[in-house]
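Summary of the model geometry
Chain residues, written in single-letter form:
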Amino acid sequence: MQTWDPVDIPRLPGSGPPLRLHDTSTGEVATTAPGPEALLYVCGITPYDATHLGHAATYLAFDLVNRYWRDRGHDVNYVQNVTDIDDPLLERAARDQDDWVVLGMRETALFREDMEALRVVPPRHYVGAVEAMGEIAELVGKLLAAGAAYRVDDAQFPDVYFDSAVTGHFGYESRYDEQTMIQLSRERGGDPDRPGKRHPTDALLWRTAREGEPSWESDLGPGRPGWHVECAAIALNRLGPQIDVNGGGSDLIFPHHECGAAHVEAHTGVHPFAEHYVHAGMIGLDGEKMSKSRGNLVFVSKLRSRGVDPNAIRLALLAGHYRSDRPWTDDLLTAAQERLGRWRAGVARDRGPDGAALVAALRNRLADDLDTPGALAAVDTWAAGEGDDATAPGLVRAAVDALLGVAL
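Residues numbered from 1 in each chain as written. Predicted model: local features only at pLDDT ≥ 70, side-chain atom pairs only at ≥ 80, totals over all residues. Heavy atoms only, no water.

1. Some words on the overall build of the protein chain
Under the convention used in this document: A run of DSSP states H or I qualifies as a helix once it reaches four residues; a run of E qualifies as a strand once it reaches two. Both are numbered from the N-terminal end. Radius of gyration here is computed from C-alpha atoms only, and the compact-globule reference equals 2.2 Å multiplied by the residue count raised to the power 0.38. What makes two residues a contact is simply this: any of their non-hydrogen atoms within 4.5 Å. Charge assignment in this entry is limited to Lys and Arg as positive and Asp and Glu as negative, and neither His nor the chain termini are counted. Throughout, a charge is located at the NZ atom of Lys, the CZ atom of Arg, the CG atom of Asp or the CD atom of Glu.
Helices and strands together make up the secondary structure of the protein chain, namely 13 helices and 14 strands. In terms of C-alpha radius of gyration, the protein chain reaches 22 Å, essentially the compact-globule figure of 22 Å for 408 residues. Referenced to the eigenvectors of the C-alpha coordinate spread, the extents of the protein chain come out at roughly 80 × 45 × 35 Å. Taking the intrachain contacts of the protein chain between residues at least 6 apart in sequence as the baseline, contacts between residues at least 24 apart amount to 79%. Computed over 40 positive and 61 negative side-chain charges, the separation of the two mean positions in the protein chain equals 4 Å.

This is the structure we're talking about:
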């Protein structure tokens, strides 16, 4: 699948401390320790609607991870999927009397435009579920052969499910109790009450073809994959059995990331799948989580069509810590636009306060679990200050671009 155009990232002198990130599986902030190649998988969109600010906040958070690792000298192998076949996409297409393929292609194209406008560094591999269908089916077949999966006893629809007990680690990523997992599965696309399952949390791996639904031929019989195994196969085949960071929004903690990690671990025997499971908070509007089901979305494309500078959108979303659930307001955007103006005025001067000190401050703040409020405050202080460093404006412009992704 086509990604968006690459971003030219300035190279800064020196480097900062190792990146520390919160790991959902331990509840603690710990130091990341990638090798020369840093391995990053971030779950992508299901393209049945345009990019809203909740999406944007998540992808900006992991863009900072990408940028910071690059600043540390790592070659970042970043993989992102597109769930271009799933129930929500089919349901939206049916509701709007649209072709599901056309709908998915249209919204994916708009997502790429939004990411490019927001200056998000594109993934190395951008993979749709449809184009990965063969490798997904292959992984399901291997899980079946290994006894890690089973077919339900249903003559009409003998769907394949994952046996969540097989690894002995199920639940470690989310740290939720069984009843919470069952409830979240029910709320987030699972089918815990399906007759014939060994356990309510067992996840669908392969859905046998139903009349009126798209399906693909495979050794499993015609059908299509479950949601979680899609990411498992795509990540495994491009990054290997263990990665540095598995990321996404906090609504993916369970069941998506728990199940995806379990699928990979059941196949490879390597535990844990990710050294860090990192999750971004939700963006709200009028006191509620911003979501398609609530219909309270603010779209990046709509803001752009109004002439809002994408750099201001980026600054507005970076004003809160990535792990916090936080509201979107018009005042937040206004403050970001004013901040952008102050920063641009600061780097337009002939000289300013110590630029190297500001670069060090930015690195230190971002290395501390992506402390963007602290990083933005450091640039605010620099832009408001006076100094005789003639190299500072250019260095600060490059640092804000390289580390925060904001073009001044």
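Further notes follow.
2. Concerning the nonpolar core
Rule in force here: Residues enter a nonpolar core if they are buried and are Ala, Val, Leu, Ile, Met, Phe, Trp, Tyr or Cys, with the set joined through side-chain atoms within 4.5 Å. A simple rule labels every residue: compare its accessible area, found with a 1.4 Å probe on the protein chains alone, to the largest value its type can have, and call it buried under 20%, exposed over 50%, or partly exposed in between.
Among the nonpolar cores identified, the biggest contains 71 residues, and Leu317, Trp328, Leu362 and Leu404 are the most heavily contacted of them. The contact partners of Leu362, leaving out residues within four places of it in the chain, are Ala375, Val379, Ala399, Val400, Leu403 and Leu404. Leu90, Phe170, Ala233 and Ala274 belong to the second-largest nonpolar core, a separate cluster that totals 45 residues.

3. A closer look at helix H7 (residues 253–268)
Each α-helix winds once per 3.6 residues, and so residues spaced three or four apart point in a common direction. Cut-off, in case you're wondering: To estimate how far a helix should extend, the number of its residues minus one is multiplied by 1.5 Å.
Counted at 1.5 Å a residue, the expected span for H7 with its 16 residues is 22 Å, and the 21 Å between its end C-alpha atoms agrees. Across the 16 residues of H7, 13 count as buried, placing the element largely inside the fold. Of the residues trailing H7, Gly269 is marked for its positive phi of about 80°.

4. Focus: the layout of surface pockets
Formally: The rule is simple: put a 1 Å grid over the protein atoms alone, call a set of points where a 1.4 Å probe fits but cannot get out a cavity, call an open set with protein on both sides within 12 Å along at least five of seven lines a pocket, and count a residue as lining if it has an atom within 4 Å of a point. Grid points are joined across faces, edges and corners, and a volume is the space filled by probe spheres set on the points. Note on residue categories: nonpolar means Ala, Val, Leu, Ile, Met, Phe, Trp, Tyr, Cys or Pro, charged means Asp, Glu, Lys or Arg, and polar means any other residue, Gly included.
Estimated volume of the second largest pocket: approximately 180 Å³. In terms of lining residues, the second largest pocket is bounded by Met1, Asp84, Trp100, Val101, Gly104, Met105, Thr108, Arg112 and Val130. A breakdown of the residues in the lining of the second largest pocket according to their chemical character gives five nonpolar, two polar and two charged.

5. A few points about the sheet that holds strand S10 (residues 243–249)
Definition in use: Here, any two strands with at least 2 DSSP bridges between them count as paired. An axis is simply a line fitted to the C-alpha atoms; with a helix, the fit covers only the stretch in contact. Between two such axes, the angle follows the N-to-C directions and lies from 0 to 180 degrees.
The strand order S5-S4-S3-S10-S11 describes an open sheet built from five strands, whose pairing is parallel. Each having just a single partner strand, strand S5 (125–128) and strand S11 (274–280) make up the two edges of the open sheet. Across the sheet, the mean angle separating the axes of adjacent strands is 20° when strand polarity is ignored. With six bridges connecting them, S10 and S11 associate as parallel partners. For Asn246, the partnering residue across the bridge sits in S11 and is Tyr277.

6. Some remarks on the packing of helix H1 (residues 53–71) against helix H9 (residues 310–318)
This is how it is decided: Under this scheme an angle from 65 to 115 degrees is roughly perpendicular, one under 35 degrees roughly parallel, and one over 145 degrees roughly antiparallel; angles in between are oblique.
H9 packs onto H1 with a crossing angle of 85° between their chain directions and a minimal axis gap of 10 Å. The orientation of H1 relative to H9 falls into the category roughly perpendicular. Contact residues: H1 offers Leu53, Ala56, Ala57, Leu60, Asp63, Leu64 and Arg67, while H9 offers Ile313, Arg314, Leu317 and Leu318.

7. Brief notes about the side chain of Asn77
In this fold, Asn77 is placed in strand S4 (residues 75–82). Classification of Asn77 by relative accessible area gives buried; the value is 5%. Asn77 has contacts with Glu37, Ala38, Leu39, Leu40, Arg124, His125, Arg238 and Leu239, leaving out every residue within four places of it along the chain.

8. A closer look at the pattern of salt bridges
Using the following cut-off: Salt bridges are identified by distance alone: a Lys or Arg side-chain nitrogen within 4 Å of an Asp or Glu carboxyl oxygen.
Counting across every chain of the model gives 30 salt bridges. Of the charged contacts in the structure, one is a salt bridge between Asp63 and Arg67, with a shortest N-O distance of 2.8 Å. Placement of the pair is Asp63 and Arg67 together in helix H1, with a separation of four residues, close to one helical turn. This pair shows no difference in class: Asp63 is buried, exactly as Arg67 is. As a salt-bridge pair, Arg106 and Glu107 come within 3.9 Å of each other at their nearest N and O atoms. Relative accessible area serves as the criterion here: at 40%, Arg106 is assigned to the partly exposed category.

9. Some words on the sheet that holds strand S12 (residues 283–285)
Taken in spatial order, the three strands of this open sheet run S13-S12-S14, and their pairing is mixed. Edge strands, defined here as strands with exactly one partner in the open sheet, are strand S13 (288–289) and strand S14 (326–327). In this structure, S12 lies alongside S13, joined through two bridges in antiparallel fashion. Counted as the bridge partner of Gly284 is Lys289 from S13.

10. Observations regarding the side chain of Asp401
Position of Asp401 relative to the elements: it lies in helix H13 (residues 392–404). The residues touching Asp401, leaving out its near neighbours within four places in the chain, are Asp8, Pro10, Arg67, Arg119 and Val406.

11. Details of unusual backbone geometry
Cis geometry marks the peptide bond from Phe254 to Pro255, where omega comes out at 5°. Looking at where Pro255 falls in the secondary structure, it is placed in helix H7. The omega torsion of the bond from His271 to Pro272 falls at 0°, within 30 degrees of zero and hence cis. Not every positive phi belongs to a glycine, and Arg175 is a case in point at roughly 65°.

12. Structural notes on the packing of aromatic side chains
Given two aromatic rings, one states the distance between the centres and the angle between the planes to describe the pair. Selection rule: Note on aromatic contacts: the rings of Phe and Tyr and the six-membered ring of Trp form a pair at centre separations within 6.5 Å, being stacked when their planes are under 30 degrees apart, edge-to-face when over 60 apart, and tilted otherwise. The criterion is that NZ of a Lys, or CZ of an Arg, lies within 6 Å of the ring centre and within 35 degrees of the ring normal, and then a charge sits over that ring.
Per the stated rule, a full pass over the model turns up seven aromatic pairs. Look at Trp100 and Trp216: their rings are 6.2 Å apart centre to centre, the planes differ by 80°, and that puts the pair in the edge-to-face class. One end of the pair, Trp100, is in helix H3 (residues 100–117); the other, Trp216, is in the loop between strand S8 (204–208) and strand S9 (223–225), with 116 residues separating them in the sequence. Aromatic ring contacts, followed pair by pair, group Trp4, Tyr59, Phe111 and Tyr126 into a single cluster. The ring centre of Phe157 lies 4.0 Å from the NZ or CZ of Arg210, which sits over that ring.

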